[in-house]
Amino acid sequence: MSHASPRPLEIAHTGPLAGRLTVPGDKSISHRALMLSALAVGESRIEGLLEGEDVLATAAAMRAMGADIVRGDDGIWTVNGVGVGGLLQPEQALDMGNSGTSTRLLMGLVSSHGITVTFTGDASLSARPMARVIEPLSTMGADITASPGGRLPLMVRGMNPAVPIRYTLPVASAQVKSAILLAGLNTPGITRVIEPVATRDHSERMLAGFGADLTVEETTEGRIISLAGEAELKPQQIVVPGDPSSAAFWVVAASIVPGSDIVVANVGLNPTRAGIFTALRLMGADITEENARTVGGEPVADLRVRHAALSAIEVPADLAPSMIDEYPVLFVAAACATGRTVARGAHELRVKESDRIAAMAAALGAIGVETEEFEDGLAIQGSGGAPLPGGGTIASLLDHRIAMSMTVAGLVSTRSVTIDDVSPVATSYPMFFQTLDELRKQAL
Ligand code: S3P
């Protein structure tokens, strides 16, 4: 799946943003909902599924391996699963497009089935490291042949029965954790993952919700997750909460555009995901939680956000795992704050859809913001609330979050900002620009 033709866009300075909006379903939860439903025996229903390209790549892959997945006219997805151990040999290579989560989690699933699957992807995904999953999955018995540097295209020859492992994560990665747990589903015995630093726990929550025998212990070594294999998953009714990573763009936009006052409804606030809101509050953002509730086993609230004067902070490095996807837009907030914000301890940003440290240093530089690049982060000189100079052309580098973050920066830039290609936004947030138009109109 390569992106169609590049779609350049010019973003102009805006007046206040106002109104109530909803964000699309959580991307991480949507992937897992499709995968686990496809492994349950019987019919699951998913409401609020993110219909972005990344999640559609997962749906296509699960269909190619035997699951029956249908979208109803009411937007509810119905999945009839094959049962753990029942994945079929796909006829063709699985095209994962831009999606690292689809690739790594599905490599895990396939590893304990007796099938052989080739994974391909776009230029961004084909540059991303897969050794972090190849290593533990090979220990479980899978035979994986990758392109040089442990990259896509690669082929996984699954092992059935696979061998359970006890594995301590060398990098804080929910994708690696989840790949091993998903492989463990069809592996006899107990598969254990130890994470010294907690990462998003949607896989654990959802596996337990589907009836898997899973325990989590907090120990001095970290979180130990133990999963009993040869699991039987029972079909579920799933409601996917709004994606905090998508909400973050609007929370930052309303915080930095003077006069703004918005409500982002139905935002997932799982503590392993909500670090961006903590960091923004430390900077002085005016964010209040209304109508706190639980949706699909996840904490959710509506966020009211009003413009506020932001101050620079040293971003606490221990927030990194709970806001790893939100650094690009946090850097935009920092560009509008008073003082110099320093974010370190975020080396993982270098291996996302793009090298997000280099990409944001270049993008902010192109619109006149001074930055200093470190191996593991970025320092950003803030404007003290004044508009940013703007005027540059940004390379989005097949990275949706760079395109959306720099759109937000364009809203407070004196001269308009051109983004060379906003088509990657469709991977996680197809309605992003429509929502922006509505927020602008409602303030008029
Ligand atoms: C994800 C985990 C994170 C995140 C990605 C989604 C997931 O990646 O950046 O967007 O759904 O498990 P890592 O596990 O590589 O940190």
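Model, not experiment: these values are computed from the prediction.

UniProt marks Lys27, Gly100, Arg128, Gln175, Arg356 and Arg401 with the feature "binding site: phosphoenolpyruvate" (unreviewed entry), using the numbering shown here. Set against the largest pocket, the annotated residues that line it come down to Lys27, Gly100, Arg128, Gln175, Arg356 and Arg401. Inspection of the secondary structure puts Gly100 in helix 3 (residues 100-111). Contacts of Gly100, omitting those with residues within four sequence positions, involve Leu125, Arg128 and Gln175. Position of Arg128 relative to the elements: it lies in the loop between strand 7 (116-120) and helix 4 (131-139). The exposure class assigned to Arg128 is buried, which follows from its relative accessible area of 4%. Excluding anything up to four places from it in sequence, Arg128 contacts Asn98, Gly100, Arg104, Gly150, Arg151, Val351, Lys352 and Glu353.

Moving on, we come to the site of the ligand. The local shell around the ligand consists of Ser28, Arg32, Thr101, Arg104, Ala172, Ser173, Ala174, Gln175, Arg200, Ile324, Asp325 and Lys352. Interatomic distance of 3.0 Å between a backbone N/O atom of Ala174 and an oxygen atom of the ligand. Within the backbone of Gln175, a nitrogen or oxygen atom sits 2.8 Å from an oxygen atom of the ligand. Look at the ligand: alone it shows 390 Å² of surface, and the protein chains cover 94% of it. Among the detected pockets, the ligand sits in the largest pocket. Going through the elements one at a time, helix 1 (27-39), helix 3 and helix 5 (174-185) are the ones with two or more residues in the shell around the ligand. Classifying every residue of the shell around the ligand gives 3 nonpolar, 4 polar and 5 charged.

Rules and cut-offs
- Residues numbered from 1 in each chain as written.
- Predicted model: local features only at pLDDT ≥ 70, side-chain atom pairs only at ≥ 80, totals over all residues.
- Heavy atoms only, no water.
- UniProt positions renumbered as here; feature names shortened; annotations may be inferred.
- 1 Å grid on protein atoms, 1.4 Å probe; cavity = no way out; pocket = protein on both sides within 12 Å on 5 of 7 lines; lining within 4 Å.
- Helix = DSSP H or I, 4+ residues; strand = E, 2+ residues; numbered from the N terminus.
- Contact = heavy atoms within 4.5 Å.
- Buried < 20%, exposed > 50% of the residue type's maximum accessible area, 1.4 Å probe, protein only.
- Near = heavy atom within 4 Å.
- Polar contact = N/O pair within 3.5 Å; in protein donor to acceptor, adjacent residues only side chain to side chain.
- Areas by Shrake-Rupley, 256 points an atom, 1.4 Å probe, with all protein chains shown as cover.
- Sits in = over half its atoms within 2 Å of the grid points.
- Nonpolar A, V, L, I, M, F, W, Y, C, P; charged D, E, K, R; others polar.

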